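One-letter residues, chain by chain:
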Amino acid sequence: MRGAVRSLMLMACLGLAGCQASNLGDGLSASGSSVPALGNSTYGSGPVTVTVLLPTDAALRKQAADIADGARLALDDLGAGQLRIEFHASASSSGSAVRQVQAAAATGTKLIVGPATNSEVSDIIAQTSLPRPPILALVANNSAGGTHIWPLYGDAIDSALEGVGVAVAARQKNIVVVHEAGFPAENLLRLREGIRLKGGTTIGFVPYPKSGVNLRGAFAKGAAVFAKANTIVLLGGGEAIGQVIDILAAGDFGQSIATAIATSLIPEEIYKRPSAQGLMVAIPSTSSVGVISERFKTKFGRSPSYDAAIGYDAIAIAAGLVRSGGADAITVANLTSSQGFRAATGLFRFRPDGRIQRRMVVHRIENGSLKVIQEEGDGF
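Report on the accompanying structure. Per chain, the residues get numbers from 1 upward, laid out in the order the sequence is written. Owing to the predicted nature of the model, reporting of local features is limited to residues with pLDDT of at least 70; listing and counting of side-chain atom pairs is limited to 80 or more, with chain, interface and lining totals taken over all residues. Note: side-chain values were computed over all heavy atoms of the structure, leaving out hydrogens and water.

### Looking at the overall build of the protein chain
Per the secondary structure count, the protein chain includes twelve helices and 17 strands. A total of 380 residues make up the protein chain; the buried ones form 53% of that total. Counting only contacts in the protein chain whose residues sit at least 6 apart along the sequence, the fraction spanning at least 24 positions is 74%. Only DSSP runs of H or I covering at least 4 residues are called helices, and only runs of E covering at least 2 are called strands; the numbering of each starts at the N terminus. Residue exposure (1.4 Å probe, protein chains only): buried if accessible area is under 20% of the type maximum, exposed if over 50%, otherwise partly exposed. Residue contacts follow a heavy-atom distance rule, with two residues in contact if any of their heavy atoms lie within 4.5 Å.

### Let's talk about the side chain of Glu 120
As for its position among the elements, Glu 120 is in helix H4 (residues 118-127). Of the side chains with opposite charge, Arg 99 lies nearest to the buried Glu 120, which makes no salt bridge, at 9.4 Å. Sequence-distant contacts of Glu 120, defined by excluding residues within four places in its chain, comprise Ala 91, Ser 92, Ala 97 and Pro 115. Positive charges are assigned to Lys and Arg, negative charges to Asp and Glu, while His and the chain termini are left out of the count. A pairing counts as a salt bridge when a side-chain nitrogen of Lys or Arg comes within 4 Å of a carboxyl oxygen of Asp or Glu.

### Digging into helix H2 (residues 61-78)
Structurally, the α-helix is built with 3.6 residues per turn, so residues lying three or four positions apart point the same way. To estimate how far a helix should extend, the number of its residues minus one is multiplied by 1.5 Å. End to end, H2 covers 25 Å across 18 residues, agreeing with the expected 26 Å (1.5 Å per residue, within 8%). With respect to burial, H2 is a largely interior element, 15 of its 18 residues being buried. Ala 80 sits one or two residues past H2 and shows a positive phi near 50°.

### A look at the nonpolar core
Grouped together as the largest cluster of nonpolar side chains are 48 residues, with contacts concentrated most on Leu 138, Leu 152, Ile 315 and Phe 350. With 13 residues, the single largest contributor to this core is helix H11 (residues 306-325). Sequence-distant contacts of Leu 152, defined by excluding residues within four places in its chain, comprise Val 113, Leu 136, Ala 137, Leu 138, Val 139, Ile 310, Ala 314, Phe 350, Ile 356 and Arg 358. With 26 residues, the next largest nonpolar core counts Phe 226, Ala 262, Ala 276 and Ile 365 among its residues. Nine residue types can take part in a nonpolar core, namely buried Ala, Val, Leu, Ile, Met, Phe, Trp, Tyr and Cys, and a core is a set of them joined through side-chain atoms within 4.5 Å.

### Quick notes on unusual backbone geometry
Going from Gly 114 to Pro 115, the amide bond is cis rather than trans, its omega being 5°. Relative to the helices and strands, Pro 115 resides in the loop between strand E5 (111-113) and H4. The residue Arg 171 is not glycine, and still its phi comes out positive at about 65°. Tracing the sequence through the fold places Arg 171 in the loop between helix H5 (156-169) and strand E8 (174-180).

### With respect to the sheet that holds E5
Strand pairing is defined by DSSP finding a minimum of two bridges between the two strands. Here six strands make up an open sheet; going across it, the order is E2-E4-E3-E5-E6-E7 and the pairing mixed. The open sheet terminates on both sides in strands that have one partner only, identified here as strand E2 (41-43) and strand E7 (149-153). Geometrically, the sheet is characterised by an average inter-axis angle of 25° between neighbouring strands, direction not taken into account. Both E5 and strand E6 (residues 135-140) contribute to a ladder of two bridges, which runs parallel. Residue pairing across strands places Val 113 opposite Leu 136, the latter belonging to E6. Lines fitted to the C-alpha atoms define the axes, with helices restricted to the stretch that makes contact. Angles between their N-to-C directions range from 0 to 180 degrees. Helix-sheet contacts for H2 involve E2, strand E3 (48-55), strand E4 (83-90), E6 and E7, and the interaxial angle to E4 is about 170°. Of the strands in this sheet, E6 and E7 touch H4, which is tilted by about 145° from E6.

### Quick notes on the pairing of E3
Of all eight residues in E3, eight are buried; the element is thus mostly enclosed. Here eight bridges tie E3 to E4, and the two strands are oriented parallel to one another. Each residue of the ladder has a partner; that of Val 52, found in E4, is Phe 87. Assignment of crossover handedness uses the view with strands pointing away from the viewer, where a clockwise path from the first strand over the helix to the second indicates a right-handed crossover. In this region the chain leaves E3, passes through H2 and returns to the parallel neighbour E4; the handedness of that crossover is right-handed. As judged from the three bridges shared by E3 and E5, these two strands associate in the parallel manner. Looking at the pairing, Thr 51 lines up with Ile 112 of E5.

Okay, structure coming up:
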């Protein structure tokens, strides 16, 4: 299990038609609140059980439906008669997640996928104990993982650090971080540590008000920090981020800054701003979704969303491990292989500290769109 990166998509494409490149879709066209809530169900009849915990909250129903359909397709493609998915659906506020994890552990489930909210993950961390199956939570990296619990989604810090790697390689190593006031301190610390590991130096942090009121005054307080930096990381994607980019691009602050890194948080409409041209932005790879796109559209009548690809990958991990190592191969040691996995959502690995590390594709904004400057690479 600790050799080359495990390519979970390979067997899905062999012998199957429709393995052509395609962009990710938006998933179900209906708004989240008008998508019917999922119920409990079973898919597949294999001896190895994967339990998937999905939300019935109105705002999360679209995500839940896409994840469930992605998981079903993965079982069809890769299950080889070995897997069974037990879907359990409940409101995130119901407190059911803890009971569902305990019940799944008692019945011999090998892997749990979900839940989909940080509060439920926190409840599981606080109210369950080992031994229990490994958990791949449907949350982003900004939720600290517990023992044998990992998030499946990357976050803005992962995005920023991919850009930092490019900047450091270009000898732009002195970095100032500009962030919304109230940005989680835990994530700022994770960013600082990541910058250090990439070979850069965090000169300082400059907060700005989310409201966008008196941004120049906020940046003036950080003038000394700006003066020492040659790279800037812009954290935030709220209403003020466009103004932040406009002001900093004007050059009144940080005249020595040669490289600017935004994150996956910034809205796509920002790409059209003249001030945003030249910004680096790293986003998850979607190129591998072409392996599943046509079959997903045939089965479900729509293109797969990123959430659907996440659902696919969660089951692909289980199927790949069982196919190569047998019914008991879904272990913490195999999940945390340092080489990681390559699947529909690109290249990723689960770290022993309870976080996911996702490689992303680094782009530069040029003429209002993204131009690739660094692919996600072949490994870590």
